[in-house]
Amino acid sequence: MTEVEKKSALVDYLIAAADYQVDGTHYTDMTIDPWAVADTWPLEQRIGVYRHGAVKYLMRLGRKDDDLVEAKKAYHYCQKLVETLENGRQPQSQDRPAP
């Protein structure tokens, strides 16, 4: 791996998944990003959304967009899933039972 590739991989890891979009700006240009909506749901549903996205892009690899683009989209969903799992260890306000 070249130094440029190492730095690129490190930057991808340090930047939160929600802070960028792979291949376009159609989601980041929206007033409310679809991931922001999903992030208000209970943990189990968020996990399902991000698992589904990763599987979708891996399953269609080579059928729609360029293979590398599809792989990067799947990776992006996996990154979001990892962040969700890491942050999900602490209850979020919508996951807490009412007093």
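Residues numbered from 1 in each chain as written. Predicted model: local features only at pLDDT ≥ 70, side-chain atom pairs only at ≥ 80, totals over all residues. Heavy atoms only, no water.

## Remarks on the overall build of the protein
To keep it simple, the criterion reads: Every helix listed is a DSSP run of H or I at least four residues long, and every strand listed is a run of E at least two residues long, numbered separately from the N terminus. Residue exposure (1.4 Å probe, protein chains only): buried if accessible area is under 20% of the type maximum, exposed if over 50%, otherwise partly exposed. Whether two residues touch is decided by their heavy atoms; if any such pair falls within 4.5 Å, the residues are in contact. Per-residue accessibility takes into account occlusion by the displayed protein chains alone, with areas from the Shrake-Rupley method and a 1.4 Å probe.
The helix and strand inventory of the protein stands at four helices and zero strands. Expressed as a percentage of the 99 residues in the protein, the buried residues total 24%. Long-range pairs, those at least 24 residues apart, make up 65% of the contacts in the protein between residues at least 6 apart in sequence. Accessible surface for the protein amounts to roughly 7,300 Å². Of this, 58% is attributable to carbon and sulfur atoms.

## What about helix α4 (residues 67-87)?
Here is the rule: To estimate the expected span of a helix, subtract one from its residue number and multiply by 1.5 Å. N or O atoms closer than or at 3.5 Å make up a polar contact, with two conditions inside protein: a donor-capable atom paired with an acceptor-capable one, and, for residues adjacent in sequence, both atoms drawn from side chains.
With 21 residues, α4 extends 30 Å between its outermost C-alpha atoms, agreeing within 8% with the 30 Å of an ideal straight helix rising 1.5 Å per residue. Among all positions in α4, only Val69, Glu70, Lys73, Ala74, His76, Tyr77, Gln79, Lys80, Leu81, Glu83 and Thr84 are buried. Where α4 begins, the side chain of Asp66 points an oxygen toward the backbone nitrogen of Leu68, at a separation of 3.1 Å.

## Considerations on the nonpolar core
Most often, soluble globular proteins keep nonpolar side chains buried together rather than apart. The following threshold applies: Residues belong to one nonpolar core when they are buried, are Ala, Val, Leu, Ile, Met, Phe, Trp, Tyr or Cys, and are joined through side-chain atoms within 4.5 Å.
Core analysis: the largest hydrophobic core is formed by ten residues, namely Ala17, Trp35, Ala38, Ile47, Tyr50, Ala54, Tyr57, Ala74, Tyr77 and Leu81. Among the secondary structure elements, those contributing two or more residues to this core are α2 (34-38), α3 (43-59) and α4. In terms of residue count, the dominant contributor to this core is α3 (four residues). Setting aside chain neighbours within four positions, we find Tyr77 in contact with Trp35, Val49, Tyr50, Gly53, Ala54 and Tyr57.

## A word on the pattern of salt bridges
Selection rule: Between Lys or Arg on one side and Asp or Glu on the other, a salt bridge is scored when a side-chain nitrogen of the former is within 4 Å of a carboxyl oxygen of the latter.
The tally for this structure, following the rule as stated, stands at five salt bridges. When the shortest N-O distance is used, the salt bridge between Asp65 and Arg60 registers 3.5 Å. Residue classification places Asp65 among the partly exposed residues on the basis of a relative accessible area of 24%. A relative accessible area of 18% places Arg60 in the buried class. Here Glu70 and Arg60 are joined by a salt bridge, their closest N and O atoms 2.8 Å apart. Residue Glu70 is found in helix α4, and its partner Arg60 is found in the loop between α3 and α4; the two are separated by ten residues along the sequence. Ionic contacts of the salt-bridge type, sharing partners, join the residues Asp23, Arg60, Asp65, Glu70 and Lys73 into one network.

Function cannot be inferred from these measures alone, as they are strictly geometric.
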